[in-house]
Amino acid sequence: MASGKLWSLALRGLLRNRRRSILSLLAVSLGLALLIFINAFIAGVIDDSLNNSIRLRTGHIQIRAESYRDEKVSLQWQDLLSDLDTLMTRVDSSPNLVAAAPVLWAGGVLGTKDDSAGLQVVGIDVDSDLYRPIRESVVAGAFLAADDRNGILVGRRLADSMGIGVDSTISLTVVDSDGVPQDAFFTVRGLFSTGIVTYDENSVFLPLGKAQALTHTEGHASAVVMLLDDPEAAEGVAVGLRGPGLSVQTWADLNGSFLSTLQTAQGFYLILDLIVMLITAVVIANTLLMSVFERFREIGILASLGMKGRQVIQMFLYEATLLGLAGVGVGVLLGGAIVWYLTRYGLYLGDDAASAAGETYAMSSTIYAAFVPSHFVFLSLATLAVTILASLYPASFAARKEPVDALRAL
Amino acid sequence: MQAIHLEKVTKIYQIGEIETRALDGVTIDFDAGEFTALVGPSGSGKTTMLQLLGCLDKADSGAVFINGTDVGTLSPNKRAELRSAEIGFIFQFFALIPVLDAYENVEMPLLLAGVPAKERKERVTGLLEAVGLADRMKHRPDQMSGGQQQRVAIARALAPRPLMVLADEPTANLDTANGEQAMEIMQKLNRETRTAFIFATHDPRVVSYARRVVQMRDGRIVDDRIVGDGAMGDGVTSERVAVASVGAAG
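So, how was this worked out
Residues numbered from 1 in each chain as written. Chains lettered and ligands numbered in written order. Predicted model: local features only at pLDDT ≥ 70, side-chain atom pairs only at ≥ 80, totals over all residues. Heavy atoms only, no water. Helix = DSSP H or I, 4+ residues; strand = E, 2+ residues; numbered from the N terminus. Rg over C-alpha atoms; globule rule 2.2 N^0.38 Å. Buried < 20%, exposed > 50% of the residue type's maximum accessible area, 1.4 Å probe, protein only. Contact = heavy atoms within 4.5 Å. Lys, Arg positive; Asp, Glu negative; His and termini not counted. Charge placed at Lys NZ, Arg CZ, Asp CG, Glu CD. Buried area = accessible area lost by both parts, 1.4 Å probe. Salt bridge = Lys/Arg side-chain N within 4 Å of Asp/Glu carboxyl O. Polar contact = N/O pair within 3.5 Å; in protein donor to acceptor, adjacent residues only side chain to side chain. Nonpolar A, V, L, I, M, F, W, Y, C, P; charged D, E, K, R; others polar. Domains from an automatic or database assignment. Pairing = 2+ DSSP bridges. Axes fitted to C-alpha atoms, helices over the stretch in contact; angles between N-to-C directions. Expected span 1.5 Å × (residues − 1). Arc of directions from axis to C-beta.

### Let's talk about the overall build of chain A
Turning to step 1, where the next piece is worked out: Secondary structure summary: chain A contains 16 helices and 12 strands in total.
Turning to step 2, where the next piece is worked out: Whereas a compact globule of 410 residues would reach a radius of gyration of roughly 22 Å, chain A reaches 31 Å, over 25% beyond that.
Turning to step 3, where the next piece is worked out: Across its three principal directions, the C-alpha atoms of chain A cover 100 × 45 × 30 Å.
Turning to step 4, where the next piece is worked out: Out of the 410 residues belonging to chain A, those deemed buried represent 54%.
Turning to step 5, where the next piece is worked out: If you take every contact in chain A between residues at least 6 apart in sequence, the share linking residues at least 24 apart comes to 77%.
Turning to step 6, where the next piece is worked out: In chain A, 29 positive and 39 negative side-chain charges are present, and the distance between their average locations comes to 21 Å.

As structure tokens, then:
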């Protein structure tokens with residue numbers, strides 16, 4: 001029998017109970033749209049977190065003294081970079097370089113008349129393009145000037161929670177390179193809001209010179225941070241910069257805990273995908289099984305006319321294929337629309353969600369989905385395959401029946 | 001050798017604790033071109049006989065031979081092929097495929113048998129004309145009367161030019177006029193094609209058209225006689241006989 005006729009029979013089989021076919025089509029479409037949404041959203045979160053982390057925190061490459069330990073935020077001279085001029089000359093001649101600058105990190109306590117908060121003090125080269133994201137996120141007052149001796153930049157969330165604003169005077173206490181607490185008063189020059197909650201709550205910026213003076217680390221820096229035009233080039237650039245006493249790390253090393261969390265999470269997302277697909281499969285199998293029961297007599301008639309079991313299976317598989325193709329078509333449109341919207345306007349999750357994501361994820365409070373064409377292709381094919389596989393049981397159930405059993409209703 | 005031969009065929013249905021011998025050691029022959037009524041009360045084994053003849057079911061013991069082949073030895077696929085080539089069915093409830101129009105319903109067994117397109121068209125058109133439905137080819141079952149549907153079913157049963165057509169209560173859901181029209185069409189086609197028609201029926205009108213009446217009871221054949229002039233497929237016009245006794249048995 002020509003398979004064209006079987007396709008036609010399959011199509012008419014679907015059209016005869018339109019409401020049920022539309023419901024099953026919706027199950028496939030919504031399942032696929034949900035999968036597309038989940039995957040685009042997760043890809044968005046990952047891109048966002050990684051980009052934020054690189055842009056605001058790690059850069060693509062960091063050069064530090066070999067003995068520097070991230071978790072200690074040590075200010076002892078042997079743990080810091082010295083001879084910054086020579087190092088910067090080497091760094092500036094690196095290929096793919098967009099911006100590079102020394103930075104000094106210190107733990108500190110910010111105090112007002114009636115409140116105090118522990119935070120990270122960051123001494124920055126205020127003229128460097130590296131800090132353009134901070135400059136652009138100033139929401140009140142102004143960014144710092146290089147020769148500003150008592151200006152400080154505070155995150156707006158921190159400022160709000162401590163009741164301070166532009167021109168407020170605050171005290172900052174840091175422990176210097178000799179382990180002695182150092183106090184100084186600063187005037188808040190500006191407030192920044194990067195959208196990264198952990199950042200806006202826990203960081204203050206000073207000009208590098210002032211930070212060095214306060215901590216008695218003149219001429220030293222915790223690290224030189226580099227931004228490249230191509231993240232893939234980082235490894236090669238890093239190799240060229242390695243030298244005695246230096247530790248050169250790339251964004252992949254620096255975001256190691258994030259990336260490894262990501263790997264674990266990916267398994268979890270796969271399970272999520274599978275659950276959605278399983279639900280879709282159950283709906284499809286159920287629909288087709290109902291359709292088989294309803295058409296039991298008809299299958300018997302076709303068998304009495306000489307239709308073989310294989311052809312009965314084929315007919316139901318074709319039905320599932322048509323249902324799957326239509327469902328995937330609608331699902332791609334629906335999922336595509338959602339993803340388009342989310343790549344354009346984003347999804348506002350609120351500060352609490354972003355804050356809950358914690359230190360590991362530098363998550364923005366608004367997440368933009370990432371459009372990944374390969375996701376669309378893979379998820380569409382997987383959904384189609386799942387739909388067809390789900391029809392195998394009902395189809396073989398229909399074909400297994402002796403014609404006489406199917407005809408008994410006659 | 002006879003075209004169709006049943007040799008000591010037994011078929012048992014087990015429903016719970018109760019065992020029913022639907023057929024009990026039946027031996028019978030059918031010839032090409034017969035026009036035969038199987039009569040008997042409900043549960044006498046008529047439908048079971050048709051199902052075994054139609055290779056829709058298997059005998060528990062004994063054998064069914066069609067053109068010399070023991071159909072019990074065939075695989076499900078081979079049985080499907082045999083049905084497709086040699087056996088046509090007509091059911092009480094017409095049993096057309098609801099999503100196909102009249103033309104497509106008649107064409108279906110030919111598609112399954114792999115008949116080429118040109119020949120399919122000739123046969124389907126010819127048969128629908130023969131049953132008086134040339135103007136209803138594009139009508140779906142729900143757009144036709146019961147009588148018209150049953151005539152489509154007759155055309156479909158004959159489309160593969162089978163050895164035999166098995167009809168289970170073909171007139172049970174038709175009024176008198178449509179029932180007689182269906183029987184006349186079948187009688188005419190039986191003569192023209194020499195296809196054997198075997199009916200299971202309670203309907204005295206159907207029996208009155210038969211040339212051979214096989215009476216069954218409790219899974220056995222209790223009477224088997226030629227009631228017409230015995231001629232198979234010739235121009236018989238006056239074979240309608242009084243069968244009051246048989247009708248009473250149904």
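### Here's the deal with the interface of chain B and chain A
Turning to step 1, where the next piece is worked out: With 26 residues of chain B at the interface, the matching set in chain A holds 23 residues.
Turning to step 2, where the next piece is worked out: With both sides pooled, the region where chain B packs onto chain A buries about 2,400 Å², and carbon together with sulfur makes up 65% of that total.
Turning to step 3, where the next piece is worked out: Among the residues of chain B in contact with chain A, Leu56, Val99 and Leu112 of chain B are the three that bury the most area, contributing 24% of the side total.
Turning to step 4, where the next piece is worked out: Along the contact surface separating chain B from chain A lie four salt bridges.
Turning to step 5, where the next piece is worked out: Put simply, Glu104 of chain B and Arg12 of chain A hold a salt bridge, and the shortest N to O gap is 2.5 Å.
Turning to step 6, where the next piece is worked out: Across the contact surface, chain B and chain A share five residue pairs in polar contact (both at pLDDT 80 or more).
Turning to step 7, where the next piece is worked out: Classifying every residue of the side of chain B that touches chain A by side-chain character gives 16 nonpolar, three polar and seven charged.

### Section: the domain arrangement of chain A
Turning to step 1, where the next piece is worked out: Split into domains, chain A comes out as domain 1 (3-53 + 259-407) and domain 2 (67-244).
Turning to step 2, where the next piece is worked out: The gap between the C-alpha centroids of domain 1 of chain A and domain 2 of chain A is 49 Å.

### A closer look at the sheet that holds strand 8 (residues 196-201) of chain B
Two strands in a sheet stick together by hydrogen bonds in their backbones, pointing the same way (parallel) or opposite ways (antiparallel).
All names here are of chain B.
Turning to step 1, where the next piece is worked out: Read across the sheet, six strands follow the order 6-7-8-3-9-10 without closing on themselves; strand pairing throughout is mixed. Looking at strand neighbours, the two that pair on one side only are strand 6 (87-90) and strand 10 (220-226), the edges of this open sheet. Averaged over all adjacent pairs, the angle separating strand axes in this sheet is 20°, with direction ignored.
Turning to step 2, where the next piece is worked out: Across five bridges, strand 3 (residues 35-39) lies against strand 8 in parallel orientation. Each bridged residue has a counterpart across the sheet, and for Leu38 the counterpart in strand 8 is Ala200.

### Some words on helix 4 (residues 117-130) of chain B
Residues and elements named next belong to chain B.
Turning to step 1, where the next piece is worked out: Helix length check: helix 4, at 14 residues, gives a terminal C-alpha distance of 20 Å against a target of 20 Å (1.5 Å per residue), a fit within 8%.
Turning to step 2, where the next piece is worked out: Of the residues making up helix 4, those classed as buried are Arg120, Arg123, Val124, Leu127 and Leu128. Looking straight down helix 4, one finds that the buried residues subtend no more than 120° of arc, so they occupy a single side. Pointing more than 90 degrees away from the buried face of helix 4 are the exposed residues Lys118 and Lys121.
Turning to step 3, where the next piece is worked out: The inward-facing, buried residues of helix 4 contact helix 3 (102-113) and helix 5 (146-158).
Turning to step 4, where the next piece is worked out: Just downstream of helix 4, Gly132 is the residue with a positive phi angle, here 75°.

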